[in-house]
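Single-letter residue listing:
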Amino acid sequence: MNADYVWRNNDHPLLRRFRTHWDTRSWATLPAIRSDLGGLSVTYTGLPEGQAYTLEFTELRRETGEGPGAVRDSCQVRARNHARTDRLPDGDISIVGTTAPNLRHLPGDLSFVLPMRVHFVVDFDADTETVFSRIARGERRNFRQRCRQHEWKLDIERDPGWFDYFYDRIYRATMSERHGERERIESKESAYECLFRYGILFVITMDGERVGGHLCHWDQKSGVLTSRLLGVVDGAAEHYAAGALKVMHALLIRWAGDNGVRQLDFQGTEAFLSKGTYQLKRLFGTRVALPPNHFGDKRLWLQVRQDTPAVRDFLVANPFLTVSEKGVLEAVYFHDSDRKVCDRYKSDSPGVTGQRLIDLDAFFARGGQAA
């Protein structure tokens, strides 16, 4: 159990390199999937994590709430062939989940390189009040207003009996309510042995009532506190409406600053700016960074294969981050003569060097080559 947790989450450089090599070993079998939905076909080939993260995200963004869900056509490929474009499923947009070293085998025309995941990190390089002031002004205003309306308190809970309540009634209930069949969860046994026993379980109360919890991994040697499992009681909408999760984030920043934490890692999400989690976590004064674990070595190669209205709609509605060979992150927004830049999805966070605006009319006319 501990070995499995370490395999998935450890940030030791040697283990990262071994994991990177192992995941793309030549004899491994990898998924190759075509997903048709909303008049747009997206294909995903490569590392299995991308099926659960990237492909499902594109399906969520193509759903309209009407009609059937995605129609998938799946097969498998050997890892040694997963970066061969002639072996990819045919689709409007093709995505390959691979490792950074394997990108050299993929063409650069009409394509972009994205990080598979990004993390949101609070750096405690100043006093607590200075770090807290980096939270977005509107979010700080909302926090003060919520504190006037209710009495909030963040405590640490070490009772194993309350861990059971946290896991079943808070974490699992929240994951079920928010994600349904798409939920991805840590097992109860792993959460107890690898997180609760050696980490910190925070509980948040509102007017004396326990309404949520947050289980974190704590590395005392490095001073890094990592958010892992969280939620509100029964995943109830009333606790979201009261702002319990956002208050918990703010109070956790204060606690970390007052208790010697060097870095608070709020974990991450897909590198698409239209992802709700992305827009939420950037509000808390975070720096966007590549993950410290094996995801830091993994990339998405995204190639636009067809110029259709549906393709253009998707690209404009879903700006994303690209990553250079040196790990530099840049936001990319699309537009054309009929579609404006989707600037409601913000990217102005530490760790993102800037933004690039791509005119799709010129992009397709040049075959995807830079101007």
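Residues numbered from 1 in each chain as written. Predicted model: local features only at pLDDT ≥ 70, side-chain atom pairs only at ≥ 80, totals over all residues. Heavy atoms only, no water.

Looking now at the side chain of Thr 174. Summarising the element assignment, Thr 174 is placed in helix α6 (residues 160-179). Aside from chain neighbours lying at most four places away, what touches Thr 174 is Leu 230, Gly 231, Val 232, Gly 235 and Tyr 240. (Helix = DSSP H or I, 4+ residues; strand = E, 2+ residues; numbered from the N terminus. Contact = heavy atoms within 4.5 Å.)

In spatial order, the strands read β3-β1-β2-β4-β13-β5; together these six strands make up an open sheet with mixed pairing. On the outer flanks of this sheet lie β3 (71-78) and β5 (111-115), each paired with one strand and no other. Adjacent strand axes in the sheet meet at a mean angle of 20 degrees, parallel and antiparallel pairs treated alike. For β5 and strand β13 (residues 298-304), the ladder comprises five bridges, and the chain directions are antiparallel. Pairing of Ser 111 across the sheet is with Gln 303, part of β13. (Pairing = 2+ DSSP bridges. Axes fitted to C-alpha atoms, helices over the stretch in contact; angles between N-to-C directions.)

Grouped together as the largest cluster of nonpolar side chains are 45 residues, with contacts concentrated most on Trp 152, Leu 225, Ile 253, Leu 264 and Leu 321. With 10 residues, the single largest contributor to this core is helix α9 (residues 244-258). In contact with Leu 264, not counting residues within four places along its chain, are Phe 120, Val 121, Val 122, Phe 124, Leu 225, Leu 252, Ile 253 and Ala 256. Listed in part, the 30 residues of the second largest apolar core include Tyr 53, Leu 55, Val 311 and Phe 314. (Core = buried A, V, L, I, M, F, W, Y, C linked by side-chain atoms within 4.5 Å. Buried < 20%, exposed > 50% of the residue type's maximum accessible area, 1.4 Å probe, protein only.)

As enumerated under the stated definition, the model contains 31 salt bridges in all. The residue Arg 356 makes a salt bridge to Glu 330 at a minimum N-O spacing of 3.3 Å. Of this pair, Arg 356 sits in strand β16 (residues 352-359) while Glu 330 sits in strand β15 (residues 329-335), and the two are 26 residues apart along the sequence. Owing to a relative accessible area of 24%, Glu 330 belongs among the partly exposed residues under this scheme. Overlapping salt bridges bring together Asp 307, Arg 312, Asp 313, Asp 336, Arg 339 and Asp 361 as one network. (Salt bridge = Lys/Arg side-chain N within 4 Å of Asp/Glu carboxyl O.)

All right, on to empty space enclosed by the protein then. Applying the stated rule across the entire model yields one cavity of 30 Å³ or more. The volume enclosed by the largest cavity comes to roughly 40 Å³. Together, Phe 132, Ile 135, Glu 139, Arg 140, Phe 143, Arg 146, Lys 246, Val 247, Ala 250 and Phe 284 line the largest cavity. Those elements that provide at least two residues to the lining of the largest cavity are α5 (137-149) and α9. With four residues, the single largest contributor to the lining of the largest cavity is α5. Of the residues belonging to the lining of the largest cavity, the class tally is six nonpolar, no polar and four charged. (1 Å grid on protein atoms, 1.4 Å probe; cavity = no way out; pocket = protein on both sides within 12 Å on 5 of 7 lines; lining within 4 Å. Points joined across faces, edges and corners; volume = space filled by probe spheres on them. Nonpolar A, V, L, I, M, F, W, Y, C, P; charged D, E, K, R; others polar.)

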